[in-house]
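# Examining the three-dimensional arrangement
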Amino acid sequence: MGIRVANVSKSFGDFRAVDDVSVDVESGSLVALLGPSGSGKSTLLRLIAGLEDADAGRIWITGEEATERSVQERQVGFVFQHFALFKHRNVRRNVAFGLELRGWKPEAIRRRVDELLDLVHLRGYGGRYPSQLSGGQRQRVALARALAVQPRVLLLDEPFSALDAKVRKELRAWLRNLHDEMHVTTVIVTHDQEEAMEVADRIVVMNEGRVEQIGSPAEIYDHPASPFVMSFVGAVNELPSGSLPVRQEANPSAAAPAATDGRIFVRPHHVQVHATPQPGTVPARLRRLTHMGRDLQAELVLDSQEVVVAQFPRDQIDYRTLRPGDRLHVVSRQARSFVPDFSI
């Protein structure tokens, strides 16, 4: 096991940031801690790193208990959100910093830094200073510095959130490829659902200091364990039961889900839109049509005044003649409901 967190809690005054959390991270895997601001994901990462002390619970790293160990003894690499590079050191000296502290010989440091600059695609940038680099390049320097000391685990706290969307997407693909080469046990904190789905082997969804669900990206998206997970991971329509009919195409004999709490959840891509009435459809008025490349996104108002968002391929309907206020007809291919949790 790469990392094991067992029944860990942490409070700051009256605020319970992490509440009895248990998580296992397999050796060599990449796990994302996903949740909104204040969900406890960054605090949990800092507890694993030893930057915060747990109030309760135990932590193991590569099979050894680390609960009482210092940051240095845990041998983790940590990458912060805002790079945290030394402005007065060039790229080579930033990457070499941890090796110098550990007393490595100059020749060994030179070889290791060369190896890492190749790894993060920054060969030729060693003499530059952080102010001479782009945001994406600075974050790669920070990652190289964290990897320099050959950490047992790598921890990343929202490493791409300060970058623009295009650079974030490029670095996500780069990080995933880098991980596939190195197989360092890695935990990344993010509030970006797309980022977690794209880079992680498994996702830990957190909310209000607790774990809501742990699973693969497909499991989290296709089989959410709670209304929070379904609404946080991916777009969803939350509607009163009966407001949007459900057509069970895969199994026509199956009944629509019983909404025991009076609500159903429907993904936009499960909403079918027709120009004319079809069996099982209900009428809706087009409020807004958005072009999203190969897909269209339609904001529709049902006769019950509920708003439904549908996403569908451009060739599904003749969109060129559609105008706000036009009458369309909709039905859902799939819906989810959840049994209320009456536990105290």
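These notes cover the structure that comes with them.

The rules behind these values
- Residues numbered from 1 in each chain as written.
- Predicted model: local features only at pLDDT ≥ 70, side-chain atom pairs only at ≥ 80, totals over all residues.
- Heavy atoms only, no water.
- Buried < 20%, exposed > 50% of the residue type's maximum accessible area, 1.4 Å probe, protein only.
- Helix = DSSP H or I, 4+ residues; strand = E, 2+ residues; numbered from the N terminus.
- Polar contact = N/O pair within 3.5 Å; in protein donor to acceptor, adjacent residues only side chain to side chain.
- Core = buried A, V, L, I, M, F, W, Y, C linked by side-chain atoms within 4.5 Å.
- Contact = heavy atoms within 4.5 Å.
- Salt bridge = Lys/Arg side-chain N within 4 Å of Asp/Glu carboxyl O.
- Pairing = 2+ DSSP bridges.

### Digging into helix α1 (residues 41-49)
Buried residues dominate α1, accounting for seven of its nine residues. Listing the buried residues of α1 in full gives K41, T43, L44, L45, L47, I48 and A49.

### Section: the side chain of S243
Examined against the element boundaries, S243 turns out to sit in the loop between β11 (237-240) and β12 (263-266). One polar contact links the side chain of S243 to the main-chain carbonyl oxygen of P240, over a distance of 2.7 Å.

### Observations concerning the nonpolar core
Counting residues in hydrophobic clusters, the biggest one holds 44 residues, and the most contacted among them are V95, L143, L154 and I203. With seven residues, helix α5 (residues 135-148) is the single largest residue contributor to this core. When neighbours within four sequence positions are excluded, L154 is seen to be in contact with G77, V79, L143, A146, L147, V184, T185, T186 and V187. The next biggest cluster of nonpolar side chains, apart from the first, holds 25 residues, and it includes V5, V8, V21 and L155.

### A word on the pattern of salt bridges
Throughout the structure, instances matching the rule amount to 28 salt bridges. Between R58 and E65 there is a salt bridge, and its shortest N-O distance comes to 2.9 Å. Classification of R58 as partly exposed rests on a relative accessible area of 41%. Linked through salt bridges whose partners overlap, the residues forming this network are K169, R172, D192, E194, E195 and E198.

### Brief notes about the pairing of strand β16 (residues 307-313)
In this sheet, β16 lies alongside strand β15 (residues 295-302) in antiparallel orientation, the contact comprising seven bridges. Bridge assignment links L296 to a residue of β16, and that residue is F312.

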